[in-house]
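# Observations on chain architecture
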Amino acid sequence: MTRSSNEALSLDSNSDESFRIEATEATARPRQTLKSGDTFAIVDSHGDIGVVAGGTDGIFHCDTRYLSRLEVLIDGMHPLLLGSSIRDDNTTLTVDLTNPDKYSGNKCILQKDTLHIVRTFFLWQGVAYLRLGIQNHGDANICCTLSIVVANDFADVFEVRGTRRRKRGKPRSPVIDLQSIVLGYLGLDDVERTTMLNCDPRPDRIGSGIVSYTVSLSPQRRRSIFLSISCNKPPPAKAKPFFSGLKEASREFRAEKRKFISIGTSSDVFNQVLHRSMNDLHMLTTSGSDGTYPYAGVPWYSTTFGRDGLITALELLWCAPHVAKGVLTRLAAFQATSLDPLNDAEPGKIVHEMRGGEMAALREVPFGRYYGSVDATPLFVLLAGAYAERTNDLEFMKALWPNIEASLGWIDGSGDSDEDGFIEYARATSDGLVNQGWKDSQDAIFHADGDLARGPIALAEVQAYVFAAKTSIAVCARRLGLSDMAARLETSAQKLKRRFEEAFWCDEINMYALALDGEKRQCRVRTSNAGQVLMSGIASPERARRVADSLIRPQFLSGWGIRTVAIGEVRYN
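The model shown is predicted, which means the values in this text are computed figures rather than measured ones. (Residues numbered from 1 in each chain as written. Predicted model: local features only at pLDDT ≥ 70, side-chain atom pairs only at ≥ 80, totals over all residues. Heavy atoms only, no water.)

## Some points on the overall build of the protein
The condition is simple: In this text, helices come from DSSP runs of H or I with a minimum length of four residues, and strands from runs of E with a minimum of two, each type numbered from the N-terminal end. The reference for a compact globule is 2.2 Å times residues^0.38; the radius of gyration itself is calculated from the C-alpha atoms. To be clear on the numbers: accessible area is Shrake-Rupley with a 1.4 Å probe, and residue cover counts the displayed protein chains and nothing else. In this charge count, Lys and Arg are treated as positive and Asp and Glu as negative; neither His nor the chain ends contribute. For this purpose, a charge sits on NZ of Lys, CZ of Arg, CG of Asp or CD of Glu.
Within the protein one finds 12 helices and 27 strands. The C-alpha atoms of the protein give 27 Å as radius of gyration, which agrees with the globular expectation for 573 residues (25 Å, within 12%). For the protein, the spread of C-alpha atoms along the principal axes amounts to about 85 × 55 × 50 Å. Accessible surface for the protein amounts to roughly 25200 Å². Of this, 50% is attributable to carbon and sulfur atoms. The centroid of the 67 positive side-chain charges in the protein is displaced by 5 Å from the centroid of its 70 negative side-chain charges.

Now the structure itself:
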């Protein structure tokens, strides 16, 4: 699960490549991803982490890698993979392994497939839980050494993804006792981060990077070894036992799932699609004191994004309105209240992205609390109006109204810097995103000849969001007794509708232009942005039909979905 946003991954913010994600070579072992709350893990198909040096594996918490290596060995050798799978509900990874042949000289003293090793792995409340179940399927006693190799670098998530840092913090010396290892790191932001590995039962040998057990098994006997990896848990607090944690994690998952409606059809195939989709949504959502929030994507966007949370909440409104309430509550709490050019913040704007890692704290990347999004603010107002219509929760709307008014103030004020009636964007500093719509790579907005558009840029779909937002919230305003405000919003929306048709329609491409550049020239490029216009009602019926007809033609319709840029456009890839 990924998203199409590109973030700053270079220390040279003036480079055209400043927001690209570096590609790395493929590894031999496929990767699996788990997430719970603010913690996610990337492990390979064997259940190992960091077998291939320099990779992106790890256990991550709040944008920091808390474990970079977790490797299981049998008598110093990697077990052989039988199979691995993640449960349908995305909560647990199960890996089946067996032993390779073991030789002493030219004699095989342990044939492969004699031992069955089951690795069970799950995340819950900032802790990774691992169970190793080992069973002897042979007809003789077996004695072997099971080793678990561990290490960590406390790398920031942007560092893992390819950013090169000039300087790092200081690793602490490991603290080791009979049953645990504590790894520590003091960041350049003066924050102490710790990883605690606790073993149950007590290992036979334990060192700074390895724990090992001497495993003796008679025929058909089995043994279990448990390991917990706690991210930044204050000592002496220890994780719950494996089965207690698994039980409580499952209970928590079921409780969250009950908040959604249950959907069933007469088609088994379609039911499977619904089941998979709902479980993926549950994996993405994170619950906190302000409610439920859908994170933007696992693994690299496992955090609060304004646009992504708002659109997801809109799409879930019919079946899970509590998600919209959680999204509105969180985004209202972090709404900008002052001018901050470094973060592209202006009073009333809704946050684009929030990060909690060391690099964000030090502004090595600009995304600690970053507001460089032109569409999140109108989408916030749109969701608020849609939520009120869906739920009739007027008490919540009264509490939210100051935030709605602040957002509307930004839309009609700072968001329309040249007062032409359209919202535009332009980054305030060279550290910000060049493009601030949902297509935010540096080459996303361009003219028909391929030249990049220069701002301030007015995107087609953003004007549509503003129209829908004002139309929707006007209904709520009237229900709250604010008739004059409702009338002003409706008048403003209709004026925008007329201006939009005049400025954005392009007969040459038979759809709405992608954008207007800083000189008000149309970007006459066929893109899916014109399709997003249709959700708002701003398009005239005749032109809406023409856009829809274009989007289902082969230049757009790939078989898997609608292409973001039509085949034949200069920058189509």
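Next comes the rest of the write-up.
## Remarks on the sheet that holds strand β2 (residues 39-44)
Note the following rule: Whether two strands pair comes down to DSSP finding at least two bridges between them. Axis lines are fitted through C-alpha atoms, for helices just across the contact stretch, and the angle between N-to-C directions can take any value from 0 to 180 degrees.
Taking strand neighbours across the sheet as the criterion, the four strands line up as β1-β2-β3-β4 in an open arrangement whose pairing is antiparallel. In this open sheet, the two strands that pair with only one neighbour each are β1 (31-36) and β4 (64-67). Neighbour to neighbour, the strand axes of the sheet diverge by 25° on average, direction disregarded. Sheet topology places strand β3 (residues 58-61) next to β4; three bridges connect them, and they run antiparallel. Its bridge partner being in β4, phenylalanine 60 is matched across the sheet by arginine 65.

## Considering helix α4 (residues 306-316)
Stated formally: Here's how the labels work: a residue is buried when its accessible area is under 20% of the maximum for its type, exposed when over 50%, partly exposed in between, all with a 1.4 Å probe on protein chains only.
Counted residue by residue, α4 has eight buried out of 11 residues, so it is predominantly covered. All buried positions along α4 are accounted for by Gly306, Arg307, Asp308, Gly309, Leu310, Thr312, Ala313 and Leu316.

## Section: the pattern of salt bridges
Just so we agree on the cut-off: One speaks of a salt bridge when a side-chain nitrogen belonging to Lys or Arg is within 4 Å of a carboxyl oxygen belonging to Asp or Glu.
The tally for this structure, following the rule as stated, stands at 36 salt bridges. As a salt-bridge pair, aspartate 517 and arginine 521 come within 3.0 Å of each other at their nearest N and O atoms. By relative accessible area, which is 3% here, aspartate 517 ends up buried. With a relative accessible area of 44%, arginine 521 lands in the partly exposed category. Put simply, arginine 546 and glutamate 542 hold a salt bridge, and the shortest N to O gap is 3.3 Å. Of this pair, arginine 546 and glutamate 542 both sit in helix α12 (residues 541-551), four residues apart, roughly one helical turn. Residue class for glutamate 542 comes out partly exposed when judged on its relative accessible area of 39%. What you see here is one network of salt bridges that share partners, running through Glu159, Arg165, Arg168, Glu358 and Glu364.

## Some words on the pairing of strand β16 (residues 192-200)
In this sheet, β16 lies alongside strand β15 (residues 180-186) in antiparallel orientation, the contact comprising seven bridges. Across the sheet, the residue bridging to valine 182 is methionine 196, located in β16. Hairpin connection, β15 to β16: the antiparallel pair is bridged by five residues, and aspartate 190 has positive phi, about 65°. For β16 and strand β19 (residues 222-231), the ladder comprises six bridges, and the chain directions are antiparallel. For leucine 197, the partnering residue across the bridge sits in β19 and is isoleucine 229.

## Remarks on the sheet that holds strand β5 (residues 69-74)
Pairing is antiparallel across the open sheet formed by four strands, whose spatial order is β5-β12-β18-β17. Lying at the two open borders of the sheet, with one neighbouring strand each, are β5 and β17 (205-206). Pairing between β5 and strand β12 (residues 142-151): six bridges, direction antiparallel. When the bridges of β12 are listed, valine 72 appears paired with isoleucine 148.

## Brief notes about the nonpolar core
Which entries qualify depends on this criterion: Definition used in this section: a nonpolar core is a set of buried Ala, Val, Leu, Ile, Met, Phe, Trp, Tyr and Cys residues joined via side-chain atoms within 4.5 Å.
In this structure, Phe380, Met397, Ile404, Ile445, Ile473, Phe504 and Tyr512 are the most contacted members of the largest nonpolar core, which totals 91 residues. Residue contributions to this core peak at 12 residues, all from helix α9 (residues 460-479). Core analysis: the next-biggest nonpolar cluster, separate from the first, contains 41 residues, Leu93, Phe154, Ile181 and Leu183 among them.

## A closer look at a nonpolar patch on the surface
Formally: Patch membership needs two things, relative accessible area over 30% and no salt bridge, and members are linked within 9 Å if like-charged or within 5 Å if nonpolar (Val, Leu, Ile, Met, Phe, Trp, Tyr).
A grouping of Ile261, Ile263 and Trp318 is seen on the molecular surface, where their side chains present a nonpolar patch of about 290 Å² in accessible area. Residue placement: isoleucine 261 occurs in the loop between α2 (242-257) and α3 (268-284). Note on isoleucine 261: relative accessible area 39%, which makes it partly exposed.

## What about a positive patch on the surface?
Side chains of Lys247, Arg251, Arg254 and Arg258 sit close together on the surface and give a patch of like positive charge. Following the sequence through the fold, arginine 254 ends up in helix α2. You can call arginine 254 partly exposed: its relative accessible area is 46%.

## Considerations on the side chain of threonine 114
Our working rule: Here a residue-residue contact requires only that any non-hydrogen atoms of the pair lie within 4.5 Å.
Along the chain, threonine 114 turns up in the loop between β9 (107-110) and β10 (115-124). When residues no more than four places from it in sequence are discounted, the contact partners of threonine 114 are Thr98, Asn99, Gln135, Asn136, His137, Gly138 and Ile142.

## Some points on the environment of aspartate 75
Mapped onto the elements of the fold, aspartate 75 is located in the loop between β5 and β6 (80-86). We classify aspartate 75 as partly exposed; its relative accessible area is 23%. Measuring from C-alpha to C-alpha, the distance between aspartate 75 and threonine 214 comes to 9.6 Å, with 139 residues separating the pair along the chain.

## A short note on the side chain of arginine 131
Short version of the rule: Polar contacts, as counted here, are pairs of nitrogen or oxygen atoms within 3.5 Å of one another; within protein the pair requires one atom able to donate a hydrogen and one able to accept it, and residues that are adjacent in sequence qualify only if both atoms are side-chain atoms.
Tracing the sequence through the fold places arginine 131 in strand β11 (residues 127-136). No salt bridge forms around the buried arginine 131; measuring N to O, its nearest opposite-charge neighbour aspartate 96 is 9.0 Å away. A polar atom in the side chain of arginine 131 sits 3.1 Å from the side chain of serine 224. Once you skip the residues sitting within four places of it in the chain, arginine 131 turns out to touch Val118, Arg119, Thr120, Ser224, Ile225, Phe226, Phe242 and Phe243.

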